[in-house]
Structure formats: C-alpha cells, structure tokens
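# Chain and residue survey
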Amino acid sequence: MNAPARTRGFQPLRDLPTVLWLVLLVVVVFAHRDLPAPRWLMLHLLLLGAVTHAILVWSQYFSFALLRTKQGAADRTRQSWRLAMSNVGALLVLVGVPWGVWGLTLAGAAVLVTAVVWHAASLVARLRSALPGRFGGTVRYYVAAASFLVVGAGLGTWLARGLGAAEAEGVVLSHALINLLGWVGLTVAGTLVTLWPTMLRTRADGGAGPAAARALPVLAGSAAVAAVGAAAGLELVVALGLLGYVTGLGLIAVGMVRAARSAPPRSFAAGSVGAGVLWWAGSLLVLAVVALGSWSTGGGFEPVQDAVDAVVPFIAAGFAAQVLIGALSYLVPVVLGGGPTPVRTGTRMFDRGAAMRIAGANVALIVCALPVSSLMRVVASVLYVVATASFLPLLFAAMRAQRRAKAATSGAPGVPMGEDRPRGPITPEGDRPAGQRAGQAMAGLITVVLAVVVAAAAQPQALGLATGGGAGGAGAPAAAAGDSAPVQTVEVVAQGMRFTPDEIEVPVGTRLVIELRNADDEQLHDLVLATGVRAPRLAPGESATVDAGVVTGDIEGWCGVVGHREMGMTLAIVATGAPSEGHDHEASADRESDVAADATYDPTAEPGDGFTPRDAELEPLPASTGPVTHRETFTVTEQVAEVAPGVRQSLWTFNGTAPGPTLHGRVGDRFEITLVNDGSIGHSIDFHAGALAPDAPMRTIRPGERLSFSFTAERAGIWMYHCSTMPMSAHIANGMFGAVVIEPEGLPEVDRTYLFAQSESYLGPQDGEVDVEQLATGVPDLVVFNGYADQYAHAPLSARVGERVRVWVLDAGPARATSFHVVGAQFDTTWSEGAYLLDDRDGGSGGAQVLPLQPAQGGFVELEFPEAGHYPFVSHVMTDAERGARGIFQVTG
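Notes on the structure follow. (Residues numbered from 1 in each chain as written. Predicted model: local features only at pLDDT ≥ 70, side-chain atom pairs only at ≥ 80, totals over all residues. Heavy atoms only, no water.)

### As for the pattern of salt bridges
The condition that has to hold: Take a side-chain nitrogen of Lys or Arg and a carboxyl oxygen of Asp or Glu: if they are within 4 Å of each other, that pair is a salt bridge. Accessibility here uses a 1.4 Å probe with only protein chains present; expressed as a share of the type maximum, an area under 20% marks a residue as buried, one over 50% as exposed, and anything in between as partly exposed. Secondary structure elements are defined from DSSP: runs of H or I of at least 4 residues count as helices, runs of E of at least 2 residues count as strands, and each element is numbered from the N terminus.
Counted according to the given criterion, the structure contains 20 salt bridges. Close ionic contact of Glu-672 with Arg-670 constitutes a salt bridge, the shortest N to O distance being 2.1 Å. Of the residues examined, Arg-670 reaches a relative accessible area of 5% and is grouped as buried. In this structure, Arg-806 and Glu-862 form a salt bridge, with 2.8 Å as the shortest nitrogen-oxygen distance. Of the two residues, Arg-806 sits in strand E20 (residues 804-813) while Glu-862 sits in strand E25 (residues 858-864), which places them 56 residues apart along the sequence. What you see here is one network of salt bridges that share partners, running through Arg-804, Arg-806, Asp-828, Asp-840, Glu-862 and Glu-864.

### Description of the sheet that holds strand E6 (residues 543-550)
Condition: Only when DSSP finds a minimum of two bridges between them are two strands counted as paired. Fitted lines through C-alpha atoms give the axes, limited to the stretch in contact for helices. The angle between two N-to-C directions lies from 0 to 180 degrees.
As summarised here, the arrangement of the four strands in space is E2-E1-E4-E6, forming an open sheet in which the pairing is mixed. Every interior strand has two partners, whereas the edge strands, strand E2 (498-500) and E6, have only one. Strand-to-strand twist across the sheet, computed as the mean angle between neighbouring axes with direction ignored, equals 25°. In the sheet, strand E1 (residues 487-495) pairs with strand E4 (residues 511-518) via eight bridges, with the strands oriented parallel. Pairing of Val-492 across the sheet is with Leu-516, part of E4.

### Points about the nonpolar core
Short version of the rule: In this text, buried Ala, Val, Leu, Ile, Met, Phe, Trp, Tyr and Cys residues form a nonpolar core when linked through side-chain atoms within 4.5 Å. Here, residues are in contact when the closest pair of their heavy atoms is within 4.5 Å.
Counting 147 residues, the largest nonpolar core has Leu-46, Trp-58, Tyr-141, Trp-183, Leu-186, Leu-219 and Leu-284 as its most contacted members. If one sorts the elements of this core by residue count, helix H10 (residues 302-336) sits on top with 23 residues. Leu-219 has contacts with Tyr-141, Leu-186, Ala-189, Tyr-245, Gly-248, Leu-249 and Ile-252, leaving out every residue within four places of it along the chain. Counting 55 residues, the second largest nonpolar core, distinct from the first, contains Met-497, Val-551, Phe-687 and Ala-733.

### Some words on unusual backbone geometry
Cis geometry is found at the peptide bond from Ala-658 to Pro-659, where omega equals 5°. Among the secondary structure elements, Pro-659 is positioned in the loop between strand E10 (647-654) and strand E11 (663-666). The backbone of Arg-68 sits at a positive phi, close to 55°, despite the residue not being glycine. Of note, Arg-68 is situated in the loop between helix H2 (38-66) and helix H3 (73-96). One non-glycine residue, Asn-655, lies in the positive phi region at around 60°. Assignment of secondary structure puts Asn-655 in the loop between E10 and E11. A residue is classified by how much of its surface remains accessible, and Asn-655, at 36% relative accessible area, is partly exposed.

Below, the structure is given as structure tokens:
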C-alpha cells in the first residue's frame, strides 16, 4: 500500500489545500448568517474544495501503490499543475455562484473539469502500462468517478446560468446525486477496499478484489439511473437507482465486515471512517424509502426533493466529512514516515480523545436529524463542528510531534538516518482498555445530551412545553381535590381554525379530561382554558391529554397561537345543572385582570440616543450583463424591537428586520429562496414577484424546518412579499413583509433613489405581540414608513436642488390605503402597478400631487426639488400621517 519513499514528506500543494478548505469551512459555519447562499457555500467548501482536493491527491497516491509503479519527477510536476488548476477552479466557482457572477462560475468549472479530465487520463495511461495486480482494478473506480464529476460540474454550471423553477429542481437533485454517488461515492468505495483493512492492520479479505470488480458497474450504473430519474422527476426510477447503489455497497461491505471482525476498529481513523460509511448507507436507504413511498402513494416528486434537501447535509457531514478526516488521520502519519516510532507518535496524537470525538460528533448529528427546536439544533450543530474541527489542531500537533520524533530517531547512536530500532507494531491510543474507550464515548454522549437539555429548557415553547402551566398544571389541584369525582373523557380535534367539537357539555362536579389532537397539515395549535390550564403547543399529528379538573361552571377555551382565537378557534365547556353566570365570568374576569395594557404612541416623543433609522436608499443595480441569479435565505426570528419612540413590540421578522430585506433585480432575473423557520410557530413566505402555483413554495413550515424554491421575475414592479400563514393579517401586521423591486426595461438613471414600505401596527402590550382584536377593527395605532413611526422626521433624508430623485413606494397594509405626497413638490413622473401614469419623457406639462395605492400595490414617483429647504412627505390619508406616516426631505443648495 505504501508509495515509494521519494513521495513521502511534506509537500505544500499536496498537503495544505485540504486543511485550508476545512479551516475556511469552519469560518463560514460560524459566520454563515452574513454570507450569501450559506448552505450552498458550506456544502461546496467541503465537497468541491476539501474533498475534491483530497480525491485528486490520494487517488493518485493509491494508483501508484496498487499498480506497483514508481512516481517520477515529471509525475509530481504534472500532479502539482492539476492540483493548482483544481483549486483555482473551485475557488472561482465558490465566488461566482454565491455572488451571481456567471462568468467566474463558467471559468472556474472549465478549469476544474480540465484538471479532472487530465487526472483521469493519467490514471488510464497508468492502468494500461502496469502489470495487473490483485487490487489494481480498483483504480478504475477513480476513472469512473472522474467521469461523473465532469457531468456534475456541467449541470452545476447550467444551474448557475439560470433555469425555470420547475426545470431547476430536477436538475439540482440530479447534480447532487451525480456528485455524491459518483464523484465522491465511487472514490470512497474503491479506496475502502484496500484502505479499510490497512487501517485495521489486518489482511484484506480474499474475496474483496473480485467483489469490488463486480460492484463497480452496479454502483456506477445505479448512480446514473438515480440521477436520470431525478432529472426526469420519476420517483420509482430514483428509488431503484438508490437501492441498486446500496446493493453495490453491500458487495464491498462483505469484505469490510470480515476485516472488522478479525480486527475491530479501535483508532480514531477507523472509527471515523466506519461511522461515515454507516451514515452513507443509512442516508441512501432513507431516500430510497421516501422515493418508493411517494411513488406508491402517488405523492408526486416533491417529497423526494424535500427528502434530498433534508438528507444531503447529513451525507456531507456524516459521511463525507467523517471519512475525509478519518482517512487523513491514518494517511498523514504514514506518508510523513520516518520509521515505526515517528509514525506511532503521529498516530497517537490523532487518536487523542478518539472515542469521545466520534461519539460527540455522531450523537450531535443524530440530534440535528430529529424534530427538535431550532436552538437545540444550533447547539448540537456547534458541538458537531467542535468535535469534527478538533482534527485541525491535532493535525498540526501530530505533524510537529512526528517531525520531532524523526529528528530524535535520526540522531540515535548507531541507527541509520530515517530508521529506527524495531519496537513492535504501531499501537494507537485506541488500543487502550475497552473500559476506557467506553468511558470516553460516554463522556461525548453526556456532553451532547446535557447541552441539548439546557437548550430545551431555554426554549420550551418550541418543544410544545407550556411556560405558564402545562397540561393539567393549573388544573392539577382541582383534579386532586376531585379524585373521587366521576371522569368524562372527550376527544377534541384541532383542524382548519376550529375545534371539533367546539362545545362540550359536562355535568357539574365531573372531572373533564380532553384528548386533544392536531389534525392540521401545517399549523401548530394548543388549547388554553380560562381556568389557567394550558395544553402544550402541538405540531401536526401530535396529541396531548389536558386535565381540565372538576367542572363547577362554564369554562371558555381557545387556541393560544396568535390570531387563531380571533379566527373562531374557541371551545366552550358548558356545565349542565349550574347557572351560566358562575365560574365562566369569574375566570374571564381573572384572565382580563392579568392582561397588560397595550403600549401607547406619543407623537411628541423623541427617540433615544441609540436610535438608528432604517436605510431608505435603494442602491442602483450594476450594469446589465444578462439575467442574474439571486440566492437569498430568509430566516424567521422573533425579537423585541422599537417601532416608535419608547414603544417596543415582539415582532416576527424575516432576517431580523421588519420590513424584511429588499430584493432588487431586473426582468428575467432568477431568485432562489430558502426559508428557515427559527420561530416558535408556523410561518411561510409568498412572493408576489413570482408566478407559480402556491401549493408547495408558499406552504407553512414548522419551527426548525426549511423550505427552498425559486422563481423568475417575468414582469416589472415593486412587489410585496409576506408571510401567508393564517391569520395572514396578523403575520403581516406583526412584521412579516418586504419588497422586491424589479425595474422596468429602459428605466433611466437618477441621482438618488429611496424606497418606502408603508405598514400598520396594532399595538399589543409593551414587548408583546400584535393586538389581533384591534386588527379586526382596521383602526391602527401606528402607520409607518419602513417599520418605525416618524423615523425620517427624526432623521431627515438628503437631496440637493436640481437632483432627480426617484421614490419607490409599497403599501404593505395589511388594511390601509395610502396616498403618497411630498409637501411643496410636484411629481413629473408616476408609475404604478407596472405602467406609467405620467411620464416626463413624453415632454408633457402635466404633474401629479399624489401616488395613490391600495394594500399590496406599489409604484414610484420622480421629482426635482426647486430650492433648498425641508420638504415633508406623508400619506395624505391625514389621520395616518398623524399616526406616524411622515418624514422629511432635507434639500440643500
């Protein structure tokens, strides 16, 4: 297995890039919220960067060893050129795709493909010239893998150019399967045939070579079938391809299992690779089962796409990352060499905390795969990164320790340079007693479990745990007092903003137990009783038992999710044989007394010292080079924010702001959207800028889930986007909206461009959520531009005399119209809902004083200020201007 001695030692272009890619990946993991397309970037830093470089390095290394050929200086030079090309190409792709520069993406893909084709050609030439060996045929795995990379890179470049939403989804899935099953999977499968027994320090199984030869066409053919099925949207074909691939892995696994039986894995290297292989096979089986299930039930291809979207990160983190660092943990000491003692020294360094690191990483990944809260998933993700990234400092420590051991060995009396006195086989730290290894693994498990439990305690509502008296909490004393009372059990189903039944008759003195079940497809629901008893928040399909205690009078109940009660989701418990004015009125009075007074707006108040207005300026688009792909992630968060001086509300936001981020593009641009729900209830997103069936892309997703879709901007306008989860008015009024500006063709340049999104606030308690009852009246407490009352009166916007100013205006509602007006100025151009109402380019003498808009409508006005001064702008629905819809242009000469 070992390469000739001249290939050993540290070679910067061979050894450093994988480490640099991994370091960059760790940086991106912790800074991903500030980067474009972070999920794509993390996956491709690992797979296109670190893994691809490692494949090009080590497949060449193994090909020389397996084919028993020597690597000359010319071979090393050509290899250095290939590695340089592949890394430059990967870097260009990793810059070009997230930032939407297709020229860079195309150039990077071309350079990378050239390097991989050159790599494959060198392997083919070596195969033809070498004598056949026992395992030499596994080099064909590397050649086949390279052919998949060429196809996968082509599909990726095509995707970056921009496709329609329906077409792109199948191509994305095909691209993923080709690269994961073909480029990465075939390389790993072929390498493990010989590397796995070598890592275990045992002989390869006698049937491993022939099994590998039989498995290659099965694996390659199945990967191709699955990829074609994905591109065509055929669930059954994808399932058959995945099952065939797992069958091919099974042929290789027989030899791996036999080797493991004779020499169980104890080192970090073997344990990490073994865990990676289990994630690999398990993930593919999950995808195959989902595809088969979707085909058999007629569920369409969407469940398969969702499953791949969910599983691919686990294939990357569980399989690719663990196999990569495991293999390197074994190979780096061997390649650095120096004799048994130095190699043993480096290996022991890699084995530090081996069982704890492997257990911690894999348990954390399992937690991430479970339906847990967003905070729990974040904590588990951080623990996985820490456990996995520990490889990096250990790598440098191992290399340093091994060099010192080599220097000490070479200077030993009577020992030739580079040799060592025989001291027995290499003994990794993993050969410590089984009890110690089990203790380490238990420590890793306990660390993850404790951290997740703390996260669950910090965010109990995401688990459906009550924070103010759980099911049976406030009702427990009554239940205890009435243990001898008769019990009435009633099943109540929550679905479609209704409880069924919505009225329950209970004899006075009877203990009521409610079996609550959420039968909705998307929405979370709970049950709150006026007595203080509260059911946990239930995800679709979940159930809970609510002990309402002994009924002594009528009791009012409702769903506690914001807005659901106002939409009619109420439950009446009617006590029979008791006066109706008894317990219900008393409990309601107690409940009302506990409700805090709504926050109030003072139009004369000034913002505090830390006030910063939202930037209203819309940056111009770069020069047009054709359609652009915009990749945006919208993360739903809940946070308390100031909406007027001294007035704070708990808002539901996209990316932490209300309104959410503004998207800006041209007709023909493609938008790839990822919605991540880090809130505590279900949310969705509806882009008016796209024309596509809302069933899948606009569906409500639960806390902790994500949803990806795309659309192409086919018409110009300032389009609204918003959460479309019911009650929609409450979600919009509580901050979940924003604007997409798609410029019309030929739009002339101006000196300044501003954007105002007008919206309404119906204030709940200070630091509380929207008052849904007041929202139903349509009379807001605040009407604001860009989320804060009077903010541009407190911080005026700038302009100069003679400058041409364009103002985009969107009425986000949810209920009030606007009539945008600039006091002291006139509009010579107005554009509304895709058409010019007044166009200064026509040379006419007409003007406009307002831009009238209904909720969800938008447009722009253009004007020039005649002289220096302060020009107020308002909604000329004057009561709304007095509620905060006003600002000032400060014009200088």
